Amino acid sequence: MAGTKLKVYKFIRRRLPILQWAREYTLQKFVCDTIAGITVALTVMPQALAYATLGGLEPQYGLYSSFVGCFVYIFFGNCKDITIGPTALMSLMTYQQVLNRNPDYAVLLCFLSGVVQLLMAVLNLGILVDFISIPVTVGFTSATSVIIAVSQFKGLLGLSFSSSGFLDTLVKVYENIHDSRASDCILSVICVTVLIALKKMKDVKIFKGSRHEKFISRTLWLISTARNALVVITCSVIAYCYESSGTSSPFLLTGSIKPGLPSFQVPPFETTLHNKTIPFADMFTDLGSSVFLVPIIAVLGNVAIAKAFAAGQGIDATQELFTLSLANMFGSFFSSMPVTGSFSRSAVNHASGVQTQLGGLYTGILVILALSFLTPYFAFIPKSSLAAVIICAVIFMIEYEIVKPMWRSNKKDIIPTFATFILCLIVGVEYGILLGVGINMIFILYPSARPSITLRNVITADGLEYILITPGSSLYFPGIEFIKSNIGKAGLKSLHLPVVVDCRHILGADFTAAKGIAALMKEFFSRKQSLYFLNLHDDVIGVLKGAAVDDFRHFNSTEELENSLKSHRFENNETSHLLLDVETHKDRDLDLHSVGNGTAVLNHRRIN
């Protein structure tokens, strides 16, 4: 009974990390968490508005998606630095599902993503993330960064049109370029320039060695960190001044935003679209593969961020998966779109000196306050400034610098990287990453289908000669015909020599491979050529015996093999003497059957 209670206690502590760090909470940690939480809030609010627009939703949906994850992560999160909320990638994938539909699809996708993530956590399927390799991830994130940046061209240029996909957006920009608004273009250029300059400001070192150096560096860092909020607020004040003076704003504005907190309600399991009621089954079908891809990609990003900020400590991927599932499921009750960890905001959180997950409390509270009191002022935010914020966030996600070390390390990895990149641009991010993973799997499986095989003639100290064949991978069905064919050809070229298969690299086998080995042994037996196996692992022996391959000869060491070959040569010499004796005494009724295996062959030859 006591053992059961202990297990339950350990399970609860593992699934509720707050029980571990809350007991050591101090006033100093409170101050650090408060500063970090406020700093992250200043970053998340303009980003949330921009990401909602990117996702094809009204701006308030970005704020709806920004506070529930903060509260959930306080109790269940593993990594103190991570902040959960809308991201550019999740927004892009949401946009593809909301296009020509309504926000209910985004909210339902959020709920279903949480359900899928919860199932993955319960079944410990976080391992699926491991099938998405770094080359595929690089191609995918770089492509989505390009797609997101291109999608904001219309905001930068002051254009108004709807488009679907990367190529369609480029075409629409080209067709409508003559309608560009000079004021929006100028503002967007200024915003991008200022944002990049402010991003670099934190790296500036001035007054080195002076007593004010630390204070100045901290001030520059704070200004750099809050750059998105500063730019958006400044542009909004300019637009407000135009409107309040009676002069229409020269910029395209975000427009009115629904004030107040979102209603707490069950996610929409049916919706009305074009005066027609769409049931849950049809909504699920419309969402298609995104129901599974969005949660997997969200987990991939969240775990990657957790590992980046873990400082060498282990990360419980299942716990992160569980936490993310709750953030999405609970968030859907507040009209949230799919969310995951944000690398940029997590970096801000880390740099702000956050000490515990409680920093998310202050971020969430400020977002709620913004929804309650600031939404009337959000209407004056120029769209070009939001577009500039998004572009400056994603252009640094294009991982072009990794291509050079990848080329030096393994040139073949370039293929899935560029394939994923190009396919995501052409056919969309969902199918692009699926095809990218498929191409990468082909590269992984190809060595199994065409393993390396080394072949050499070995002459022992006793003058014995045999053919040594060493396959370079395990015995599985894709490659057994290739291995079998090469061993067979090697045997046919030297019929007088025994063939030895060195299995030191063969760590596993399957039933198909075992049946192939059985067929190979029959082939060698039919032409009376010896076939031996060396250094077989116990698991492989079990598979071969399980497939009714009982009469194969195997040795654990080269010494055992050579002793057997020596003994076999001695038997052959004895057989040769007997053969000579038979030829000399043809007329005698000599029965050699009882002598042994070699004599049995002799009898067979004499009868023929």
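Cut-offs used in this document
Residues numbered from 1 in each chain as written. Predicted model: local features only at pLDDT ≥ 70, side-chain atom pairs only at ≥ 80, totals over all residues. Heavy atoms only, no water. Helix = DSSP H or I, 4+ residues; strand = E, 2+ residues; numbered from the N terminus. Rg over C-alpha atoms; globule rule 2.2 N^0.38 Å. Buried < 20%, exposed > 50% of the residue type's maximum accessible area, 1.4 Å probe, protein only. Contact = heavy atoms within 4.5 Å. Lys, Arg positive; Asp, Glu negative; His and termini not counted. Charge placed at Lys NZ, Arg CZ, Asp CG, Glu CD. Expected span 1.5 Å × (residues − 1). Salt bridge = Lys/Arg side-chain N within 4 Å of Asp/Glu carboxyl O. Core = buried A, V, L, I, M, F, W, Y, C linked by side-chain atoms within 4.5 Å. Axes fitted to C-alpha atoms, helices over the stretch in contact; angles between N-to-C directions. Parallel < 35°, antiparallel > 145°, perpendicular 65-115°, else oblique. Left-handed = near helix turned anticlockwise from the far one by under 90°. Nonpolar A, V, L, I, M, F, W, Y, C, P; charged D, E, K, R; others polar. Polar contact = N/O pair within 3.5 Å; in protein donor to acceptor, adjacent residues only side chain to side chain. Pairing = 2+ DSSP bridges. Right-handed = clockwise from strand over helix to strand, strands pointing away. Phe/Tyr/Trp six-rings, centres within 6.5 Å; stacked < 30°, edge-to-face > 60°. Lys NZ or Arg CZ within 6 Å of the ring centre and 35° of its normal.

Observations concerning the overall build of the protein
- Counting its secondary structure elements, the protein contains 28 helices and nine strands.
- In terms of overall dimensions, the protein is more spread out than a globule: its C-alpha atoms have a radius of gyration of 35 Å, far above the 25 Å expected for 608 residues.
- In terms of overall dimensions, the protein has a C-alpha envelope of 130 × 65 × 65 Å along the principal axes.
- Split into buried and exposed, the 608 residues of the protein put 47% on the buried side.
- Across the protein, every contact between residues at least 6 apart in sequence was considered, and the portion connecting residues at least 24 apart equals 77%.
- Put simply, the protein has 49 plus and 42 minus side-chain charges, and the middle of one group is 8 Å from the middle of the other.

Thoughts on helix α12 (residues 213-225)
- The terminal C-alpha atoms of α12, which comprises 13 residues, lie 18 Å apart, in line with the 18 Å expected from a rise of 1.5 Å per residue.
- Packed against the buried residues of α12 are α3 (27-54), α11 (182-201), α13 (227-244) and α17 (343-351).

Notes on the pattern of salt bridges
- Inspection of the entire model under this criterion finds six salt bridges.
- Measuring nitrogen to oxygen at the nearest pair gives 2.7 Å for the salt bridge that ties D184 to R181.
- Overall, the relative accessible area of 30% leaves R181 in the partly exposed class.
- Here E523 and R527 are joined by a salt bridge, their closest N and O atoms 3.1 Å apart.
- R527 sits in the partly exposed class, given a relative accessible area of 22%.

A few points about the environment of Y532
- Along the chain, Y532 turns up in strand β8 (residues 531-534).
- For Y532, a relative accessible area of 3% corresponds to the buried category.
- Here the alpha-carbon distance between Y532 and V500, two residues 32 residues apart in the chain, equals 4.7 Å.
- The contacts of Y532, once residues within four sequence positions are left out, are P498, V499, V500, V501, R553, F555, L561, L565 and H568.

Focus: the nonpolar core
- Ranked by size, the top nonpolar core spans 98 residues in total, and within it L63, M93 and I433 carry the most contacts.
- When residues of this core are assigned to their parent elements, the largest contribution, eleven residues, is made by helix α15 (residues 290-308).
- The contact partners of L63, leaving out residues within four places of it in the chain, are M45, A48, L49, V367, L371 and F378.
- Counting residues in hydrophobic clusters, the runner-up holds 27 residues, among them I483, A509, A514 and L520.

Thoughts on the packing of helix α8 (residues 134-151) against helix α10 (residues 166-176)
- At a closest axis distance of 10 Å, the pairing of α8 and α10 adopts a crossing angle of 30 degrees. The orientation of α8 relative to α10 falls into the category roughly parallel. The chirality of how α8 crosses α10 is left-handed. For the pair α8 and α10, the contacting residues are V146, I147, V150 and S151 in the first and F166, T169 and L170 in the second.
- Here the residues of the contact of α8 with α10 are counted per class, giving five nonpolar, two polar and no charged.

Overview of the environment of R345
- Among the structural elements, R345 can be located in helix α17.
- The class for R345 is buried, based on a relative accessible area of 1%.
- When residues no more than four places from it in sequence are discounted, the contact partners of R345 are V40, T43, V44, Q47, Y51, T83, I84, G85 and P86.
- Side-chain polar atoms of R345 contact the backbone oxygen of P86, separated by 2.8 Å.

Description of the pairing of strand β7 (residues 499-502)
- Of the two faces of β7, both are covered, the one formed by V499 and V501 as well as the one formed by V500 and D502.
- As defined by bridge partners, strand β6 (residues 465-471) adjoins β7 across three bridges and the pair is classed as parallel. Among the inter-strand pairings, I469 is bridged to a residue of β7, identified as V501.
- Handedness of the crossover is the feature at issue here: the chain leaves β6, passes through helix α24 (residues 480-493), returns alongside β7, and the resulting connection is right-handed.
- Sheet topology places β7 next to β8; four bridges connect them, and they run parallel. The residue of β8 that forms the bridge with V501 is F533.
- Between the parallel elements β7 and β8, the chain passes through helix α25 (residues 511-526) in a crossover that is right-handed.

Some remarks on the packing of helix α22 (residues 414-427) against helix α23 (residues 429-449)
- At a minimum axis distance of 7 Å, the contact between α22 and α23 shows a crossing angle of 155 degrees. By the angle between their directions, the pair α22 and α23 is classed as roughly antiparallel. In the crossing of α22 with α23, the sense of the turn from one axis to the other is right-handed. From α22, I415, P416, A419, T420, L423, C424 and V427 reach across to α23, where they touch V429, Y431, G432, I433, L435, G436, I439, N440 and F443.
- Among the residues making up the contact of α22 with α23, the classes are represented as twelve nonpolar, four polar and no charged.

Points about the packing of aromatic side chains
- This structure, assessed with the given rule, holds 16 aromatic pairs.
- Ring centres 6.1 Å apart and planes at 75 degrees place the aromatic pair F30 and Y362 in the edge-to-face group. Within this pair, whereas F30 is found in helix α3, its partner Y362 is found in helix α18 (residues 359-373), the two being separated by 332 residues in sequence.
- Judged by its relative accessible area of 36%, F30 falls in the partly exposed class.
- A relative accessible area of 15% places Y362 in the buried class.
- In this structure an aromatic cluster arises from ring pairing among F67, F71, F111, F264, F269, F280, F284, F333 and F334.
- Positioned above the aromatic ring of F396, the side-chain terminus of K199 is 4.8 Å from the ring centre.
- Its end group placed over the ring of F524, R527 keeps NZ or CZ at 4.4 Å from the ring centre.

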